[in-house]
Amino acid sequence: MPIGSVGVFDGGNYNGTIEYDALAEGVKLSSINRELKYTFDIDRKPEKVYIIINIERKKGLEPKWRLWLNDFSLTKEFRPNIEIDSGNSIISSIIYDITPVIREGKNTFSIAYKGLESITIDNVSHIIFYPVKEFETKYELRSGILLLKPKENVKFDCFGECYIVAKNPSKDGSLEIETNKIYGDNEVVDLKVEKEGTLGIFYNASETSKAYGRIYSLFSFKYKIPNINLDILATVKDGYIEVKISNVSEIELDKVLANVFMNNLSINFKSFNNVEVGRTIEYKVPLTNSKGNVSLRVVGVKAGYRKIFDKNISNI
């Protein structure tokens, strides 16, 4: 049987969008590197915001740290929601509801570490709930620590779009999530899987291996959204690109982001706020004498939900 669990801490149906992102790098904090900073943006007033941390440390080591959000001290105590003994180390999971202290715009979450021996921050994630009457989101948020022994497997429901934070510390096997294989480079992976139905996870390692496959989080979403569509026209003329973008969606968009690329390098970026239905944006982008492929990526944004439109313009 697997050890531990990734339990449901929130779920249901929500009139709005839910935005998720994560830092999954395995950052070590020590007497030399004492601070980790994780920044994220809040586009509009949210209804709810969570932040989730997973750390690994030596047995017997009690971390001394202080957690900050912007200029507000969340805590100076180490109080994990769940801890698991993995054999070689202790793994902890912590969830905070930071809704009361969040602010619109840029937010910075900081871990200020005061210990001498190192700890590893495997993952920091955030989840933002934006109320929008035109959207409906079915969701289930799971977090904690689930350790898989070699040849063990587990199954979860995926509503259509799932995000899994996982780690494979074994060098002689793979952690298999559907058709994705996570090999033993000891890196943390933030994986997106698009599937409606049962999602399978299998730890394919030697039965003599003492390392466990790890699942830290599994977030499942299914969106019912209004039509978001942009009519995009981009043509190359003498010395410039003429861009025309019309919002032909069912709803007003919070932002329209437009990025012009030449040979896969950005040469012009523009952001337009509060783009009403029927509005047309027109502008020109000067071209250099460089030759190559020119393309345009446009993103329509509504309460954290993003729809991407790619358009190849031409070779010049």
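Throughout what follows, the structure given in this document is the object of discussion. (Residues numbered from 1 in each chain as written. Predicted model: local features only at pLDDT ≥ 70, side-chain atom pairs only at ≥ 80, totals over all residues. Heavy atoms only, no water.)

## Comments concerning the overall build of the protein chain
Just so we agree on the cut-off: The helix count covers DSSP runs of H or I at least four residues long, the strand count covers runs of E at least two residues long, and both are numbered beginning at the N terminus. Buried means the residue's accessible area, taken with a 1.4 Å probe over protein chains only, is under 20% of the maximum for its type, while exposed means over 50%, and partly exposed covers the values in between. By definition in these notes, contact holds between two residues if any of their heavy atoms fall within 4.5 Å. For the accessible areas, the method is Shrake-Rupley and the probe is 1.4 Å, while residue cover comes only from the protein chains on display. Under this rule, positive means Lys or Arg and negative means Asp or Glu; His and the chain ends count for nothing. By convention, the charge on Lys lies at NZ, on Arg at CZ, on Asp at CG and on Glu at CD.
Helices and strands together make up the secondary structure of the protein chain, namely 0 helices and 26 strands. Considering only C-alpha atoms, the protein chain reaches an extent of 70 × 45 × 40 Å along its principal axes. Here the protein chain, with 316 residues, has 50% of them falling under the buried criterion. The long-range fraction of contacts in the protein chain, counting pairs at least 24 apart against all pairs at least 6 apart in sequence, stands at 76%. Here the protein chain has roughly 15400 Å² of accessible surface; of this, 44% comes from carbon and sulfur atoms. Between the centroid of the 43 positive side chains of the protein chain and the centroid of its 42 negative side chains there is a distance of 3 Å.

## Section: the sheet that holds strand β1 (residues 3-14)
Keep this limit in mind: A pair of strands is considered paired only if DSSP assigns at least 2 bridges between the two. Helix axes are fitted to C-alpha atoms over the stretch in contact, other axes to C-alpha atoms as well, and angles between N-to-C directions run from 0 to 180 degrees.
Spatial strand order, β1-β12-β19-β14-β17: 5 strands in an open sheet with antiparallel pairing. The open sheet terminates on both sides in strands that have one partner only, identified here as β1 and β17 (188-193). The mean inter-strand angle of the sheet, taken between neighbouring strand axes irrespective of direction, is 10 degrees. Relative to β17, strand β14 (residues 161-167) is paired through 6 bridges, and the arrangement is antiparallel. In the strand pairing of β17, Val-165 is matched with Asp-190.

## Points about the packing of aromatic side chains
How we decide: Think of it this way: a Phe, Tyr or Trp ring, Trp meaning its six-membered ring, pairs with another when their centres are within 6.5 Å, and the plane angle makes it stacked under 30 degrees, edge-to-face over 60, tilted otherwise.
By the definition in use, this model includes 13 aromatic pairs. Centre to centre, the rings of Phe-9 and Tyr-50 are 5.1 Å apart; their planes meet at 90 degrees, and the pair counts as edge-to-face. Residue Phe-9 is located in strand β1, and its partner Tyr-50 is located in strand β5 (residues 48-57); the two are separated by 41 residues in the primary sequence. On the numbers, 6.0 Å between centres and 15 degrees between planes, the contact of Phe-221 with Tyr-223 is stacked. Look at Tyr-223 and you get partly exposed, because its relative accessible area is 23%.

## Quick word on unusual backbone geometry
Positive phi values are uncommon outside glycine, yet Lys-151 reaches one of about 75 degrees. If you trace the backbone, Lys-151 turns up in the loop between β12 (136-148) and β13 (153-159). Positive phi outside glycine occurs at Asn-264, with the angle close to 70 degrees. With respect to the element layout, Asn-264 can be found in the loop between β22 (253-262) and β23 (265-275). Residue Asn-264 is classed as exposed on the basis of its relative accessible area, which comes to 70%.

## Comments concerning the pairing of β23
Two strands pair when backbone bridges link them, and β22 and β23 are joined in this way by 9 bridges, in the antiparallel orientation. Among the inter-strand pairings, Ala-258 is bridged to a residue of β23, identified as Lys-270.

## Focus on the sheet that holds strand β24 (residues 280-286)
Spatially, 3 strands are ordered β20-β21-β24 in an open sheet, and the strand pairing comes out antiparallel. Every other strand in the sheet has two partners, leaving β20 (230-237) and β24 as the edge strands with one partner each. Averaged over all pairs of adjacent strands, the angle between their axes in this sheet comes to 15 degrees, without regard to strand direction. Across 7 bridges, the pairing between strand β21 (residues 240-247) and β24 is antiparallel. Considered in β24, the bridge of Glu-242 is made with Lys-284.

## Points about the side chain of Glu-140
Definition in use: Two N or O atoms count as a polar contact when they lie within 3.5 Å, although within protein this holds only if one can serve as hydrogen donor and the other as acceptor, and sequence-adjacent residues are included solely when both atoms are side-chain atoms.
Here Glu-140 shows up in strand β12. Overall, Glu-140 belongs to the buried group, its relative accessible area being 18%. At a separation of 3.2 Å, a polar atom in the side chain of Glu-140 contacts the side chain of Arg-142. When near neighbours in sequence (up to four residues on either side) are disregarded, Glu-140 contacts Val-8, Asp-10, Gly-11, Phe-159, Leu-218, Phe-219 and Ser-220.

## Concerning the state of the cysteines
Definition in use: Any two cysteine sulfur atoms within 2.5 Å of one another count as a disulfide.
Under the defined criterion, the tally for this structure stands at 1 disulfide. Between Cys-158 and Cys-162 runs a disulfide, and the two sulfur atoms are separated by 2.3 Å. Judged by the torsion about the S-S bond (140 degrees), the Cys-158/Cys-162 disulfide is right-handed. Of the two residues, Cys-158 and Cys-162, both sit in the buried class.

## Description of the pattern of salt bridges
Counted only if it meets this: One side-chain nitrogen of Lys or Arg within 4 Å of one carboxyl oxygen of Asp or Glu is enough to make a salt bridge.
Under the counting rule described, the total for this entry stands at 20 salt bridges. Note that Arg-142 and Glu-140 form a salt bridge whose closest N and O atoms lie 3.2 Å from each other. When the shortest N-O distance is used, the salt bridge between Lys-195 and Glu-178 registers 3.0 Å. With a gap of 17 residues between them, Lys-195 in the loop between β17 and β18 (196-204) and Glu-178 in the loop between β15 (174-177) and β16 (180-183) connect regions that are remote in the sequence.

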